[in-house]
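# Commentary on secondary and tertiary structure
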Amino acid sequence: MKFFALLRNYRKETVLAPLFKLLEAVFELCVPLAVASLIDDGIAKGNLHHILMMALLMVALGVIGLLSSVTAQYFAAKAATGFAVKMKSALYKHITTLSESDRDAIGNPTLITRLTSDSNLVQNGINMFLRLFMRSPFVVFGAALMAFTVDSHLALIFAFVIPILGLVVYLIMRRTVPMYRSVQSSLDRILSRVRENLSGIRVLRAFGKEEREEKAFSSDLESLLSIQLSSGKISALLNPLTYAIINLSIAVLISAGRERYDLSLIDVGSIVALVNYMSQILLELIKLANLIITISRAVASWRRIEAVFNIQPSMSDSCNGFERAADDADAVEFSSVSMIYRKGGEPSLSGATFTVRRGERIGIIGGTGSGKTTLVSLIPRFYDPAMGSVTVFGHKTDEWKRSALRSRIGYVQQKALLFKGTIRSNIAWGKPDASDDEIIDALKAAEAYDFVMAKKDGILSPVEEGGKNLSGGQRQRLSIARALVRKPEILIFDDSSSALDYATESRLRHNLSQLGDMTVFTVSQRTSSLMTMDRIIVLDKGRIVDIGKHEELLERCDVYKEIYDSQFGGEEA
């Protein structure tokens, strides 16, 4: 995504904002001349009419300058906020096009930082740039030129002072700008640690690691503080040095002005005007220094955002992909499928080959890390296989239009995730136009109806972020209901009943068996959950070691029998 492409619709604002700031600067540069005339031609000569005219002129210059400033602020804010809205929308849209592998490589905390703090810094940088990038240099050089119109001899002091001030600002910025970039990087690390620790606070407490993480967090803060102190000490020199140079210059200016006044070569009002121009230069150089700091932060943030934009999605979605299933095709077919995660060395799944007929109920079991989740994640195309192909209803997954493929699949992940809202709004994720009757039917099938209706507001009961006000089993059942309400042709349970007791799980399995021709994949660590399946796929170290019914696997599959014996103590089924 190009920076200027996002500003394309705000060309008018990006031109008008600095122009109105220049207009404000022009009026500001006229004020010292009005003051000089007020003193020399009004007060010195006792001309009350001229005093009133100059006073009115100064008020008019101030009012017009204020209106110009407010107008410039409006256009700058409109361009900056409009840019930020488009940038965040484009960035969010781009993130949604990234595959699971892409997001795994970047990391969710990084993406959140890019969408929030980095985006805000870029917005602030654009706002400040449009307001000051032309105004400050214009005032600095404009004040110097106006000084020459007042008195060319004394104006030579300006020609000598401005390069010195510019050199001071340059040297300080040269040292501090890289430090500010380091500060932003340190903030990224701290934010990442905070998000990770807050999301895993129960794990920290369970393992008694609070003290260790507090020390690590304090260490990160101390590193940040060290960088900020170093940059602060250097940048703190800016104001004293510039003020000292300006004050010294004003003293020289007044001293030289007195000598020229004694020779009747200059009036008092002109000396006052020159002092005002010197003060204007000081203020604008300080503003320019702050602008440079803000812009450097904004540029660094934009580069981080641009880095995300430059990531090409590893998974493309064809607009001309299939949207309808092939007639009489099997539900799912794996052909020599292997899967390697982006940063993984060993394949998570190797040479998987099997076919699942429509309406068949398939169980998937295996030890930890055997590839169970990887296998079912390939069906809705969360990932693309490194080798081989996955075919769903007669078409390879990469030949489907992605939305059409996923609309046929109900997926219940291992960790139940609910969103802030109500029970109804969460279930409706599966089918936005679902009626209350359809939602209630889904709740009954998921064995969630009783506990939902026991709540005061029923299906309109509130759900906190992540479903924190519900138990693990309740969250799982609502997740199952969310998948069931869309009446999918393929239903995938990725170990999504682990928080349910055996009786509830047994009723859930019975309810699912009454749902007709739905093809069901059930990943589970419990052999008791898979005994009634039409077939069970046994995985070990990423490979399919056997496929068959429960009784068949007990007789011939050592891996399955070992899992069964570990759960039932060697008892016969």
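This write-up is about the structure you can find in this document. Quick caveat: nothing in here was measured; it's all calculated off a predicted structure.

## What about the overall build of the chain?
- Along the chain, the regular secondary structure elements total 20 helices and twelve strands.
- Computed over the C-alpha atoms, the radius of gyration of the chain is 35 Å, more than 25% above the 25 Å expected from 2.2 N^0.38 for a compact globule of 573 residues.
- Each principal axis of the C-alpha distribution contributes one length, and for the chain these read about 120 × 50 × 45 Å.
- Looking at the 573 residues of the chain, the share that counts as buried comes to 46%.
- Considering only contacts in the chain between residues 6 or more positions apart, those separated by 24 or more positions represent 77%.
- Just so you have it, the chain exposes about 29,000 Å², and 57% of that area is on carbon and sulfur atoms.
- Mean positive and mean negative side-chain charge positions of the chain (67 and 61 charges, respectively) differ by 6 Å.

## Points about the nonpolar core
- Membership of the largest hydrophobic core comes to 40 residues, with the highest contact counts inside it found for F158 and I281.
- Mapped onto this core, the elements with two or more residues apiece are α2 (11–43), α6 (135–150), α7 (156–199), α10 (238–262) and α11 (268–309).
- For this core, the leading source of residues is α7, giving twelve residues.
- Not counting chain neighbours up to four residues away, the residues in contact with F158 comprise A144, A147, P163, L253, L274, Y277, M278 and I281.

## A word on the environment of V31
- Tracing the chain through its elements places V31 in helix α2.
- Exposure remark for V31: the relative accessible area of 26% places this residue in the partly exposed category.

## With respect to a nonpolar patch on the surface
- On the surface, V59, V63 and L67 cluster together into a nonpolar patch covering about 270 Å² of accessible area.
- Mapped onto the elements of the fold, V59 is located in helix α3 (residues 48–97).

## What about the packing of aromatic side chains?
- Considering all chains together, one arrives at eleven aromatic pairs under this definition.
- For the ring pair F3 and W302, a centre distance of 5.3 Å and an interplane angle of 80 degrees mean the geometry is edge-to-face. Taken together, the positions of F3 in helix α1 (residues 3–6) and W302 in helix α11 put the pair 299 residues apart, joining distant regions of the chain.
- Relative accessible area serves as the criterion here: at 23%, F3 is assigned to the partly exposed category.

## A few points about unusual backbone geometry
- Not every positive phi belongs to a glycine, and S336 is a case in point at roughly 50 degrees.
- Tracing the backbone shows S336 in strand β1 (residues 332–339).

## Points about the pattern of salt bridges
- Enumeration over the complete set of coordinates arrives at 27 salt bridges.
- Notably, a salt bridge pairs R304 with D118, separated by 2.9 Å at the nearest N-O pair. Here the residue R304 occupies a position in helix α11, and D118 occupies one in helix α5 (residues 108–132), the gap between them amounting to 186 residues. As far as burial versus exposure is concerned, R304 and D118 are alike and both buried.

## Quick look at the pairing of strand β4 (residues 387–392)
- For β1 and β4, the ladder comprises five bridges, and the chain directions are antiparallel. Bridged to S335 within β4 is S389.

## Some remarks on the sheet that holds strand β3 (residues 361–366)
- The strand order β6-β9-β10-β3-β11-β12 describes an open sheet built from six strands, whose pairing is mixed. The strands lining the two open edges of the sheet, one partner per strand, are β6 (409–412) and β12 (543–548). Neighbour-to-neighbour, the strand axes of this sheet turn through a mean angle of 15 degrees, independent of strand direction.
- As paired strands, β3 and strand β11 (residues 535–540) are joined by five bridges and run parallel to one another. Across the sheet, I362 pairs through a bridge with R535, a residue of β11.
- Helix α17 (residues 472–484) contacts β6 and β9 (490–494) of the sheet and is inclined by roughly 175 degrees relative to β6.

## Let's talk about the packing of α10 against α11
- Contact pair α10 / α11: the axes reach a minimum separation of 10 Å and the direction vectors enclose 165 degrees. For the element pair α10 / α11, the angle class is roughly antiparallel. For the crossing formed where α10 meets α11, the hand is right-handed. Every residue of α11 that contacts α10 at L238, N239, T242, Y243, I246, S249, I250, L253, I254, G257, R258 and Y261 is listed here: V268, I271, L274, V275, M278, S279, L282, I286 and A289.
- Here the residues of the contact of α10 with α11 sort into 15 nonpolar, five polar and one charged.

## Brief notes about helix α15 (residues 436–445)
- Among the residues of α15, those classed as buried are E438, I439, A442, L443 and A445. The buried residues of α15 occupy an angular sector of 165 degrees when projected down its axis, which confines them to one face.
- Looking at the buried positions of α15, the neighbouring elements they touch are α14 (423–427), α16 (449–453), α17 and α18 (502–513).
- One or two positions beyond α15, positive phi appears at E447, with a value near 60 degrees.

Thresholds, definitions, all that
Note on numbering: residues in each chain are counted from 1, in written sequence order. Local features in this predicted model are restricted to residues of pLDDT 70 or higher, and side-chain atom pairs are both shown and tallied only at a pLDDT of 80 or more, whereas totals for entire chains, interfaces and linings draw on every residue. Hydrogens are left out, water is left out, and the side-chain values use all remaining heavy atoms of the structure. Working definition: helices are DSSP H or I runs of at least four residues, strands are E runs of at least two. Numbering for both runs from the N terminus. Throughout, the radius of gyration refers to the C-alpha atoms, and the reference size of a globule is 2.2 Å times the residue count to the power 0.38. Residue exposure (1.4 Å probe, protein chains only): buried if accessible area is under 20% of the type maximum, exposed if over 50%, otherwise partly exposed. Whether two residues are in contact is decided by their heavy atoms, any of which lying within 4.5 Å being enough. All accessible areas in this document rest on Shrake-Rupley with a 1.4 Å probe, and a residue is counted as covered only by the protein chains that are shown. Residues scored as charged are limited to Lys and Arg (positive) and Asp and Glu (negative), so that His and the chain ends carry no count. Every charge is mapped to an atom, namely NZ of Lys, CZ of Arg, CG of Asp or CD of Glu. Nonpolar core, defined: a set of buried Ala, Val, Leu, Ile, Met, Phe, Trp, Tyr and Cys residues in which side-chain atoms within 4.5 Å join the residues together. Distance thresholds for patches are 9 Å for like charges and 5 Å for nonpolar side chains (Val, Leu, Ile, Met, Phe, Trp, Tyr), applied to residues having over 30% relative accessible area and no salt bridge. By salt bridge we mean one thing: a side-chain nitrogen of Lys or Arg within 4 Å of a carboxyl oxygen of Asp or Glu. Between 30 and 60 degrees the pair is tilted, below 30 it is stacked and above 60 it is edge-to-face, where a pair is any two Phe, Tyr or Trp rings, Trp via its six-membered ring, whose centres lie within 6.5 Å. Any two strands with at least two DSSP bridges between them are considered paired. Structural elements are reduced to axes, namely lines fitted to C-alpha atoms, with helices fitted over the stretch in contact, and the angle between N-to-C directions of any two is expressed from 0 to 180 degrees. Orientation labels follow simple angle bins: below 35 degrees gives roughly parallel, above 145 gives roughly antiparallel, 65 to 115 gives roughly perpendicular, and whatever is left gives oblique. Less than a right angle of anticlockwise turn of the near helix away from the far helix marks a crossing as left-handed, whereas a clockwise turn marks it as right-handed. Gly is put with the polar residues, along with every residue not named as nonpolar or charged; the nonpolar set is Ala, Val, Leu, Ile, Met, Phe, Trp, Tyr, Cys and Pro, and the charged set is Asp, Glu, Lys and Arg. Picture the helix axis, draw a direction to every C-beta atom, and the arc is the one those directions span.

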